[in-house]
Amino acid sequence: MKLDIDTKRAALRASPSVVSVVSYKGGKMMFPGSGTIIDCEEVNGTYTSTILTSTTLLGSSPESNTLQDDIKVNVFLADGKSFTGCVSAYDFHFNIATICITSDVALPTACLRPLDVSIPIYPSDCNSNSFRLGSGDMVVAIGRFCGKTHELMAAPGKFRPKSCKLDCVELLKSTCIISKSGFGGPLINCHGEVIGVNFYDKICTPFLPVNIVSKCLRRFRENRKPCRPWLGMELTNLYTATVGKLDKVFSKFNISGGLLVKKVINGSPAEQAGILHGDIIVQCGEKEVQSSLEFYEIIWEKVRLTEEVVVLRESSAARLNLKVFVDETSPDKVNRWPVPETFKASVLIKKRKRLL
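Computed from a prediction, not measured in an experiment: that's the story for all the values here. (Residues numbered from 1 in each chain as written. Predicted model: local features only at pLDDT ≥ 70, side-chain atom pairs only at ≥ 80, totals over all residues. Heavy atoms only, no water.)

Asker: Describe in detail the overall build of the chain, supporting the description with residues and values.
Answerer: A tally of regular secondary structure across the chain gives six helices and 22 strands. Taken over C-alpha atoms, the radius of gyration comes to 21 Å for the chain, in line with the 21 Å a tight globule of 356 residues would show. Overall, the chain is about 65 × 55 × 45 Å in size when its C-alpha atoms are taken along their principal axes. Residues counted as buried form 52% of the 356 residues belonging to the chain. (Helix = DSSP H or I, 4+ residues; strand = E, 2+ residues; numbered from the N terminus. Rg over C-alpha atoms; globule rule 2.2 N^0.38 Å. Buried < 20%, exposed > 50% of the residue type's maximum accessible area, 1.4 Å probe, protein only.)

Asker: So what's going on with the pattern of salt bridges? Residues and values would help.
Answerer: Going through the model one piece at a time under the given rule, you end up with 16 salt bridges. The closest approach of N and O atoms between Lys-215 and Glu-301, which form a salt bridge, is 2.8 Å. Taken together, the residues Lys-215 in helix H2 (residues 210-223) and Glu-301 in the loop between helix H5 (292-300) and strand E20 (306-313) connect sequence positions 86 residues apart. Between Arg-313 and Asp-279 there is a salt bridge whose closest N-O contact spans 2.7 Å. Taken together, the residues Arg-313 in strand E20 and Asp-279 in the loop between helix H4 (269-273) and strand E18 (280-284) connect sequence positions 34 residues apart. Assessed through its relative accessible area of 2%, Asp-279 is described here as buried. (Salt bridge = Lys/Arg side-chain N within 4 Å of Asp/Glu carboxyl O.)

Asker: Go over the pairing of strand E3 (residues 46-53), please, and point to the residues and values.
Answerer: Across seven bridges, strand E2 (residues 28-43) lies against E3 in antiparallel orientation. Bridged to Val-43 within E3 is Thr-46. With antiparallel pairing between neighbouring strands as the criterion, E2 and E3 make up a hairpin whose turn holds two residues, including Asn-44 at a positive phi of roughly 55°. The pairing of E3 with strand E6 (residues 96-103) spans seven bridges and is classified as antiparallel. Bridge pairing in E6 places Thr-48 opposite Thr-102. (Pairing = 2+ DSSP bridges.)

Asker: Provide a residue-level description of the packing of aromatic side chains, including the pertinent values.
Answerer: Per the stated rule, a full pass over the model turns up seven aromatic pairs. For the ring pair Phe-199 and Trp-337, a centre distance of 4.7 Å and an interplane angle of 50° mean the geometry is tilted. A residue pair is termed long-range when its members are at least 10 positions apart, and Phe-199 in the loop between strand E13 (194-198) and strand E14 (205-209) and Trp-337 in the loop between strand E22 (327-328) and helix H6 (343-355) qualify at 138 residues. In this structure Phe-199 comes out as buried when scored by relative accessible area, which is 1%. Judged by relative accessible area, which is 12%, Trp-337 ranks as buried. Connected via pairs of aromatic rings, a cluster forms that spans Tyr-90, Phe-92 and Phe-220. (Phe/Tyr/Trp six-rings, centres within 6.5 Å; stacked < 30°, edge-to-face > 60°.)

Asker: Lay out the environment of Pro-206 with the relevant residues and their values.
Answerer: By secondary structure assignment, the location of Pro-206 is in strand E14. For Pro-206, a relative accessible area of 0% corresponds to the buried category. With 34 residues separating them in the primary sequence, Pro-206 and Leu-172 have C-alpha atoms 5.7 Å apart. Other than its neighbours up to four places away in sequence, Pro-206 contacts Cys-164, Leu-166, Leu-171, Leu-172, Lys-173, Val-197, Asn-198, Phe-199 and Asp-201. (Contact = heavy atoms within 4.5 Å.)

Asker: Give me the environment of Leu-312: which residues, what numbers.
Answerer: Structurally, Leu-312 is set in strand E20. You can call Leu-312 buried: its relative accessible area is 0%. Sequence separation between Leu-312 and Asn-189 is 123 residues, and the spatial gap between their C-alpha atoms is 34 Å.

Asker: With reference to specific residues and values, describe the environment of Cys-164.
Answerer: Within the secondary structure, Cys-164 sits in the loop between strand E10 (152-160) and strand E11 (172-174). Residues Cys-164 and Pro-331, 167 residues apart in the sequence, show an inter-C-alpha distance of 22 Å. If we skip the residues at most four places from it in the chain, Cys-164 touches Leu-171 and Pro-206.

Asker: Outline the sheet that holds E14, listing residues and values.
Answerer: Spatially, six strands are ordered E9-E10-E11-E14-E13-E12 in a closed barrel, and the strand pairing comes out antiparallel. Strand-to-strand twist in this sheet, taken as the mean axis angle between neighbours without regard to direction, amounts to 45°. Where E11 and E14 come together, three bridges link them in antiparallel fashion. Across the sheet, residue Ser-174 finds its bridge partner in E14, namely Thr-205. Each of strand E9 (138-144), E10 and strand E12 (186-188) is contacted by helix H1 (residues 5-14), which is oriented at about 50° to E9, the strand it contacts most. (Axes fitted to C-alpha atoms, helices over the stretch in contact; angles between N-to-C directions.)

Asker: Describe the side chain of Asp-91, and please don't skip the residues or the numbers.
Answerer: Of note, Asp-91 is situated in strand E5 (residues 82-91). Given the relative accessible area of 4%, Asp-91 is considered buried. Engagement of the side chain of Asp-91 in a polar contact is seen with the backbone nitrogen of His-93, the distance being 2.9 Å. Within the local environment of Asp-91, its side chain forms a polar contact with the side chain of Arg-228, the two groups lying 3.4 Å apart. Those residues in contact with Asp-91, other than ones at most four positions away along the chain, are Thr-55, Ile-96, Cys-216, Pro-226, Cys-227 and Arg-228. (Polar contact = N/O pair within 3.5 Å; in protein donor to acceptor, adjacent residues only side chain to side chain.)

Set out below in structure tokens:
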């Protein structure tokens, strides 16, 4: 694929922190993928680098909720130098893991940039600490091939605000098409800043925003266990509604944006709070919300607590203050993730077909 100069610039800025990650079981390769060096600390002349990647590369399933004892992980830098990795944190629900390696020199780390994907109908100043990403904006999925050269790969695409079809409601998606080697690698913006972790899919690239990744890792460091908030509803940004729906809403309420409730699960905390399909959430706690990502960031800090949300109900022109209990996902409701076939498995299948 021929890349334009803007894509090349962005990929090259992020390149030094991008590594190849390969897992092995019984001496046989299981999954090749990619990762991002997100931290490097020095203690007594030894440097410990932390690499962000996907739990799928570790060959473990969400059902077991544990790492397999006999899994080995190797990390390869751009120059081919390899290191034995040690898993330091993982979360099967959000499909992320960190791997630590030690070296005698400092390794380059990525610049992580939180996202702002709010698109108010009437724009205002955005948060200067976040990168505002709108529909159609350029993004690039990058990684390193597993092979002799460990060559950098880059797949340009555009951000799409539509919800992803996978279980994880916090996921966003791009039109980038990556190979299996890009699984677990970073999604970057036009400046080469890491804005998410990529997951494999045949028709698009789902990614978990850095905003959620940071909260996952911080909670794991503090409590040595993951945090999995659950409300039992599906949300989308208000601007995705039809113009007819928006016309009715704005004729009754003086707002510039919010969240449209697309689905409420029976018996869920959202239903018990009185939230209905078609409601518009405009405030969570003390903060006005313009995007589902912004809403989930607030909810993350409220697990096992009750939070007040302000809901607009267009059908009755009512402004409601509802209290919702932020429950935690039970082990039997952990997100399911598609697993890419290993090259080895593909070969075995072909051999079996020949035998038949």
